[in-house]
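Results of the structural survey
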Amino acid sequence: MARLDKIYLGTNTKMFKTIGNTKEFLTELNRLTSDISREEMQLFVIPSYTALSHARAVVSTEEIMLGAQNMNWAEEGQFTGEISPLMLSEIGIDIVMIGHSERRHVFGEQDREENLKAKSALDHGFTALLCIGETEEQKENGISDEILRIQLKCGLKDVAPGQAGKLWVAYEPVWAIGVNGKPATAEYAEEKHLVIKKCLTEIFGEEIGADLPVLYGGSVNNKNAAELIVQEHIDGLFIGRSAWDAENFNSIIRLVLPLFSQKKTGREG
Ligand code: PGA
């Protein structure tokens, strides 16, 4: 099955859920979605570091992939407060998220570091979820496409096409994220996804680049999820606040699944 035959749906719980909250959330989400074939849907959750090993004990990779919100590129070293790929491997998680907007804009991470992290994550066998997105000012200055291309080309520098099999990209405009965010319109998101897809084919070639999942994130909710997922180049949704309640996440999943399969059927036909 080609990678894009399934929908990608996931959430990053940021600094919001304790170990107890995370276990409860995952158990409930898994129960609510247990009838949905994982051939149709790649479900993933990215909890806080402290919850990861507990989370792993609650759900399997086949049920819900688990990811870390950040990772240092080095296996060990004098990096107080950092977590290494070896530490994450030991827990048995699946994904490493790289360059989330809050890492870039609150903690000052740059493309150079995202690149080191992306290469290290892939070298250590994780799925690397690279997050990219322009700020409001960059959008207003009309340089969004340039910014996205820079973040991709610099963030993925020296990633071999052979390694790209485990690469996912999330397009998350900075101005669309969080409590003060304004969700991107479906048309705007689709336009940027096309820019991203084109850039990925430039980097990895037509065959590999076109097959990399690109997810939209930033104020996704029950109201806008449908119009986003029907867009041709949106392969999944990366959801914050609206997914932190398992029942609400489940209702979004139920809403977009049939729309995604119609889109897939339309493509095949
Ligand atoms: P939000 O978060 O859905 O709460 O805007 C998205 C994100 O930060 O990934």
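As the structure is a computational prediction, the values presented were derived from the model and not from experiment. (Residues numbered from 1 in each chain as written. Predicted model: local features only at pLDDT ≥ 70, side-chain atom pairs only at ≥ 80, totals over all residues. Heavy atoms only, no water.)

If you tally the helices and strands in the protein chain, you get 11 helices and eight strands. Along the three orthogonal principal directions, the C-alpha set of the protein chain runs to about 50 × 40 × 40 Å. Across the 269 residues in the protein chain, those meeting the buried criterion constitute 54%. For the protein chain, long-range pairs separated by at least 24 residues make up 72% of all intrachain contacts whose partners lie at least 6 apart in sequence. Carbon and sulfur atoms make up 52% of the accessible area of the protein chain, which amounts to about 11800 Å² in all. (Helix = DSSP H or I, 4+ residues; strand = E, 2+ residues; numbered from the N terminus. Buried < 20%, exposed > 50% of the residue type's maximum accessible area, 1.4 Å probe, protein only. Contact = heavy atoms within 4.5 Å. Areas by Shrake-Rupley, 256 points an atom, 1.4 Å probe, with all protein chains shown as cover.)

The next point concerns the nonpolar core. With 64 residues, the main nonpolar core has Y216 and L237 as its most contacted residues. Excluding its chain neighbours within four sequence positions, the residues that come into contact with L237 are Y8, L9, G10, L215, Y216, V220, A225, L228, I229 and V256. Core analysis: the second largest hydrophobic core is formed by 13 residues, F44, M65, A170 and F238 among them. (Core = buried A, V, L, I, M, F, W, Y, C linked by side-chain atoms within 4.5 Å.)

The eight strands lie next to each other as β1-β2-β3-β4-β5-β6-β7-β8, forming a closed barrel whose pairing is parallel. With strand direction ignored, the average angle separating the axes of adjacent strands in the sheet is 25°. Two strands pair when backbone bridges link them, and strand β3 (residues 65-68) and strand β4 (residues 95-98) are joined in this way by two bridges, in the parallel orientation. When the bridges of β4 are listed, A68 appears paired with V96. Packed on one face of the sheet, helix α5 (residues 111-123) meets β4, β5 (127-132) and β6 (167-171) and runs near 170° to β4. Sheet contacts for helix α8 (residues 186-204): β5, β6 and β7 (214-217); angle to β6, the most-contacted strand, approximately 150°. (Pairing = 2+ DSSP bridges. Axes fitted to C-alpha atoms, helices over the stretch in contact; angles between N-to-C directions.)

Lining the immediate surroundings of the ligand are K14, H100, E172, I177, G178, G218, S219, G240 and R241. Here an oxygen atom of the ligand and a backbone polar atom of G178 are 2.8 Å apart. R241 places a side-chain nitrogen or oxygen 2.6 Å from an oxygen atom of the ligand. Protein contact buries 99% of the 280 Å² of open area that the ligand shows by itself. Residue classes in the shell around the ligand are distributed as one nonpolar, five polar and three charged. (Near = heavy atom within 4 Å. Polar contact = N/O pair within 3.5 Å; in protein donor to acceptor, adjacent residues only side chain to side chain. Nonpolar A, V, L, I, M, F, W, Y, C, P; charged D, E, K, R; others polar.)

So, on to α8. For α8, which comprises 19 residues, the first-to-last C-alpha distance of 26 Å matches the rise-based estimate of 27 Å (1.5 Å per residue) to within 8%. Two residues or fewer past α8, G205 is found with a positive phi of approximately 90°. (Expected span 1.5 Å × (residues − 1).)

For the rest of this paragraph, the subject is the environment of V59. Mapped onto the elements of the fold, V59 is located in the loop between α2 (52-58) and β3. Using a relative accessible area of 3% as the deciding quantity, one classes V59 as buried. For the pair V59 and T22, spaced 37 residues apart in sequence, the C-alpha separation works out to 11 Å. Apart from residues lying up to four places away in sequence, V59 is in contact with L26, N30, I64 and L66.

So, on to the pattern of salt bridges. On inspection of all chains with the given rule, the structure shows 16 salt bridges. Note that R149 is salt-bridged to E202, the shortest N-O span being 3.0 Å. Here R149, found in helix α7 (residues 144-155), pairs with E202, found in helix α8; they are 53 residues apart in sequence, far enough to count as distant. Across the salt bridge formed by K157 and D158, the nearest N and O atoms sit 3.6 Å from each other. (Salt bridge = Lys/Arg side-chain N within 4 Å of Asp/Glu carboxyl O.)

Glancing now at unusual backbone geometry. With phi around 65°, D158 is a residue other than glycine that occupies positive phi space. Mapped onto the elements of the fold, D158 is located in the loop between α7 and β6. Backbone geometry places S219, a non-glycine residue, at a positive phi of 55°. Locating S219 in the fold gives a position in the loop between β7 and α10 (225-229). Judged by its relative accessible area of 13%, S219 falls in the buried class.

By themselves, these figures tell us nothing about what the structure is for.
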